[in-house]
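Coordinate inspection notes
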Amino acid sequence: MSRESVENDCSLEVGRAQTAKSSLTKAILRETGVAQAIIDFRAPTMLIPKTEKDDANLRLEVARANWALPASGLVTMHSGNASGYDPESGLVYIKPSGMDYDQIKPGNLAVVRLETGEVLTPDIRPSVDLAHHLFLYKNLPEVRGIIHTHSNYATAFAAANKPVPCCLTAICDEFGGEIPCTPYIDNEGENIGRAILKYRRERTPAILLGNHGVFAWGSSPKNALKAAVMVEDVARTVWLAMQLGPVAAIPPEEAEKWYDRYQNRYGQG
Ligand SMILES: O=C(CO)[C@@H](O)[C@@H](O)COP(=O)(O)O
């Protein structure tokens, strides 16, 4: 679709967009200090067909999750991506493929219709991992955010096709048991998505992909990011522990106690 036809076919709610631009810009400048992140809401990639309701807040959250990947040491160069899903509009916002993280803005994310896989941003190519993100959103109905990384310590376990064993209370808290690992899976079609569903543990919001990396998910892009950060953190600690000898597994009934407290009574509610 040409830029001209996109502009003809689409409507911009200018007043709404300008309000959002103003508040988003302030939020970005306040929280990141990155002046370049000012969003141009008139950019063609922001034009969404009339039937779709764009979600400025989710755009900001997805951009933030992508910015956090290099900031948290989870990616090298372009080797990871973050997305978010808005069930009201049916739209998925995802990192543009191969884009430098400091070039990502709320206004230049790739936008995809979940139901059909149609890319609504003709001039922005989505992450090569789009198919896996879409498959997970379709099959895990509570999920609103997904992260993929090749973070080093977790990916070392993946290289060995080994799960991260449940040998730390922090693993019980966050994951409720070991972080599983799939065998090697090729990247065609829905193969990775299907393998994630097959090998995941029901309540564990992350998995290692054999010989590849990490997928993590959550009820928001921020929560998916937390899971991705925690996968790497515990993988690093377990790796260090393994230099001392075999690690000691925590029995499932003990893991359950930690999980229950952390998930149900930890923090400020
Ligand atoms: O694993 C791979 C490539 O093999 C991708 O996850 C990674 O490079 C990120 O790709 P995108 O920049 O999101 O298209």
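Residues numbered from 1 in each chain as written. Predicted model: local features only at pLDDT ≥ 70, side-chain atom pairs only at ≥ 80, totals over all residues. Heavy atoms only, no water.

What follows concerns the site of the ligand. Taken together, 13 residues are adjacent to the ligand, and Asn-81, Ser-97, Gly-98, Ser-127 and Asp-129 come closest. Contact between the ligand and Ser-97: an oxygen atom at 2.6 Å from a side-chain N or O atom of the residue. Contact distances for the ligand include 2.7 Å between an oxygen atom and a side-chain N or O atom of Ser-127. Computed on the free molecule, the ligand has an accessible area of 370 Å², of which 74% lies beneath the protein chains in the complex. Its residues assigned to classes, the shell around the ligand comprises one nonpolar, ten polar and two charged. A domain split of the shell around the ligand shows at least three residues from each of domain 1 (1-127) and domain 2 (129-269). (Near = heavy atom within 4 Å. Polar contact = N/O pair within 3.5 Å; in protein donor to acceptor, adjacent residues only side chain to side chain. Areas by Shrake-Rupley, 256 points an atom, 1.4 Å probe, with all protein chains shown as cover. Nonpolar A, V, L, I, M, F, W, Y, C, P; charged D, E, K, R; others polar. Domains from an automatic or database assignment.)

Right, let's talk about the nonpolar core for a bit. In this structure, Ile-147, Val-164, Phe-175, Leu-208 and Val-231 are the most contacted members of the largest nonpolar core, which totals 45 residues. Here this core gathers at least three residues from each of two domains, domain 1 (1-127) and domain 2 (129-269). (Core = buried A, V, L, I, M, F, W, Y, C linked by side-chain atoms within 4.5 Å. Buried < 20%, exposed > 50% of the residue type's maximum accessible area, 1.4 Å probe, protein only.)

Right, let's talk about the UniProt feature "domain: Class II aldolase/adducin N-terminal" (unreviewed entry) in the protein chain for a bit. Here the UniProt feature "domain: Class II aldolase/adducin N-terminal" (unreviewed entry) sits at residues 60-239. Span residues 60-239 is 36% helix and 19% strand, its end C-alpha atoms 34 Å apart. (UniProt positions renumbered as here; feature names shortened; annotations may be inferred. Helix = DSSP H or I, 4+ residues; strand = E, 2+ residues; numbered from the N terminus.)

A few words on the pattern of salt bridges. Pairing between side chains of opposite charge can happen when their charged atoms approach one another. With the rule as written, the count across this model stands at seven salt bridges. In this structure, Glu-256 and Arg-203 form a salt bridge, with 2.9 Å as the shortest nitrogen-oxygen distance. Of this pair, Glu-256 sits in helix α9 (residues 252-264) while Arg-203 sits in the loop between α7 (191-199) and β6 (206-210), and the two are 53 residues apart along the sequence. Judged by its relative accessible area of 36%, Glu-256 falls in the partly exposed class. The exposure class of Arg-203 is partly exposed, given its relative accessible area of 31%. Among the ionic pairs, Glu-254 bridges to Lys-257, the shortest N-O distance being 2.8 Å. Of this pair, Glu-254 and Lys-257 are both found in helix α9, three residues apart, which corresponds to roughly one turn of the helix. For Glu-254, a relative accessible area of 30% translates into the label partly exposed. Look at Lys-257 and you get exposed, because its relative accessible area is 52%. (Salt bridge = Lys/Arg side-chain N within 4 Å of Asp/Glu carboxyl O.)

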